[in-house]
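# Coordinate analysis (summary)
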Amino acid sequence: MGLIKPIAKGKTDIGQVRSVNQDLLLINHKQKIYIVADGMGGHAGGEIASQICVNAINDYLVEHLSDIAVDSDNIADIQSTLKIISDSINHASSKIYEHALQNPTLKGMGTTATVLKIINNRAFCGHVGDSRLYLLRNAFLYQITYDHSLVSEQVRAGLLTEEEAEHHHLKNVITRSVGYQLEEEVDTTHLMLEPNDLLLLCSDGLHGKVPDTEISKITNHSRLDAVNILVNLANERGGEDNITVLIIDNPDVSS
Ligand code: CA
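Residues numbered from 1 in each chain as written. Predicted model: local features only at pLDDT ≥ 70, side-chain atom pairs only at ≥ 80, totals over all residues. Heavy atoms only, no water.

Every protein donor of the calcium ion is listed here as Asp38 (OD), Asp204 (OD), Asp241 (OD) and Asp241 (OD), and their distances to the metal cover 2.3 to 3.2 Å. Counting residues between consecutive donors of the calcium ion along the chain gives the motif D-x165-D-x36-D. With Asp38 in strand 3 (residues 33-40) and Asp204 in helix 5 (residues 204-207), the pair connects residues that are 166 residues apart, well separated along the chain. Each member of the pair, Asp38 together with Asp204, is buried. (Donors = N, O, S within 2.8 Å, 3.2 Å for Na, K, Ca; no water. Helix = DSSP H or I, 4+ residues; strand = E, 2+ residues; numbered from the N terminus. Buried < 20%, exposed > 50% of the residue type's maximum accessible area, 1.4 Å probe, protein only.)

Written as structure tokens, this is what we have:
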């Protein structure tokens with residue numbers, strides 16, 4: 001029963017069309033914090049928003065969660081941890097918002113944020129926007145987060161089919177973002193990890209180009225090496241958007 005350290009690998013790529021990469025990822029190996037942010041906004045706003053976002057969230061979590069001991073059976077521990085994750089995203093939101101107030105050319109900038117923190121054998125997730133967290137378990141791929149996008153909310157409400165959503169002209173419109181306003185509603189969730197689980201975070205530059213069935217097949221086969229394969233595949237299919245993939249292989253440290 002040795003401790004297995006989480007093994008994480010990530011890549012962010014500008015794609016084939018854009019002149020800047022507004023995506024950003026963060027891997028904090030020591031604290032087991034993993035973040036994907038997909039920034040938006042002109043005049044460098046997108047890059048600045050995602051940069052402020054990942055730094056602010058990481059700093060907040062290191063400060064507030066570094067010594068926490070979460071008892072897996074204690075609901076209060078779990079709830080307070082999820083609250084800190086949610087607060088970290090709103091801490092980032094207020095920082096981005098205030099930065100834009102002082103720099104009017106950056107007005108309206110924002111970013112998605114999908115945040116993962118591993119504590120013992122539990123994964124805690126906070127999420128805003130249309131980046132995604134997936135879990136690969138026993139060869140099945142599960143999408144853990146819901147997209148906060150106009151199109152996917154209409155799919156969930158039964159107003160659009162998956163097929164209509166796929167090619168919808170408003171596909172890129174998100175309904176929640178970090179930094180567009182002082183605070184945002186954050187989705188939080190947690191998972192009990194099992195041996196050989198694989199977690200994957202990505203921006204829409206991946207999931208807009210590579211369907212879940214292929215993400216599943218490639219991660220099953222290649223595990224961490226899927227990072228490069230998936231980025232290359234999105235590029236081969238046009239790479240119209242920035243592409244970010246972050247994989248954590250076997251994060252269950254208790255096994
Ligand atoms: Ca994007």
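There is more to say, and it comes next.
By volume, the largest pocket amounts to about 1100 Å³. What lines the largest pocket is a set of 36 residues, and nearest its centre among them are Arg132, Asp147, Lys171, His207 and Gly208. Of all elements in the fold, only strand 3, helix 3 (150-156), helix 4 (162-166) and helix 5 reach the threshold of two or more residues within the lining of the largest pocket. A per-element tally of the lining of the largest pocket places helix 3 first, with 4 residues. For the lining of the largest pocket, the residue count by class is 9 nonpolar, 13 polar and 14 charged. (1 Å grid on protein atoms, 1.4 Å probe; cavity = no way out; pocket = protein on both sides within 12 Å on 5 of 7 lines; lining within 4 Å. Points joined across faces, edges and corners; volume = space filled by probe spheres on them. Nonpolar A, V, L, I, M, F, W, Y, C, P; charged D, E, K, R; others polar.)

What follows concerns the environment of Arg132. Relative to the helices and strands, Arg132 resides in strand 7 (residues 132-137). Separated by 68 residues in the primary sequence, Arg132 and Leu200 place their C-alpha atoms 8.0 Å from one another. In contact with Arg132, not counting residues within four places along its chain, are Thr114, Gln143, Thr145, Asp147, Leu200, Leu201, Cys202, His207 and Asp212. Reaching out from Arg132, the side chain makes a polar contact with the side chain of Tyr134 at a distance of 2.8 Å. (Contact = heavy atoms within 4.5 Å. Polar contact = N/O pair within 3.5 Å; in protein donor to acceptor, adjacent residues only side chain to side chain.)

Right, let's talk about unusual backbone geometry for a bit. At Ala139, a position not held by glycine, the phi torsion is positive, near 75 degrees. Structurally, Ala139 is set in the loop between strand 7 and strand 8 (140-143). For Ala139, a relative accessible area of 45% puts it in the partly exposed group. Of note in the backbone geometry, Asn196 takes a positive phi value of approximately 75 degrees without being a glycine. Relative to the elements of secondary structure, Asn196 occurs in the loop between strand 9 (187-192) and strand 10 (198-202).

Between helix 6 (residues 212-222) and helix 7 (residues 226-236), the shortest axis-to-axis distance is 9 Å and the interhelical angle comes to 150 degrees. What the angle tells us is that helix 6 and helix 7 run roughly antiparallel. Here helix 6 and helix 7 pass one another in a crossing that is right-handed. For the pair helix 6 and helix 7, the contacting residues are Glu214, Ile215, Ile218, Thr219 and Ser222 in the first and Ala226, Ile229, Leu230 and Leu233 in the second. (Axes fitted to C-alpha atoms, helices over the stretch in contact; angles between N-to-C directions. Parallel < 35°, antiparallel > 145°, perpendicular 65-115°, else oblique. Left-handed = near helix turned anticlockwise from the far one by under 90°.)

So yeah, pure geometry; function would need other evidence.
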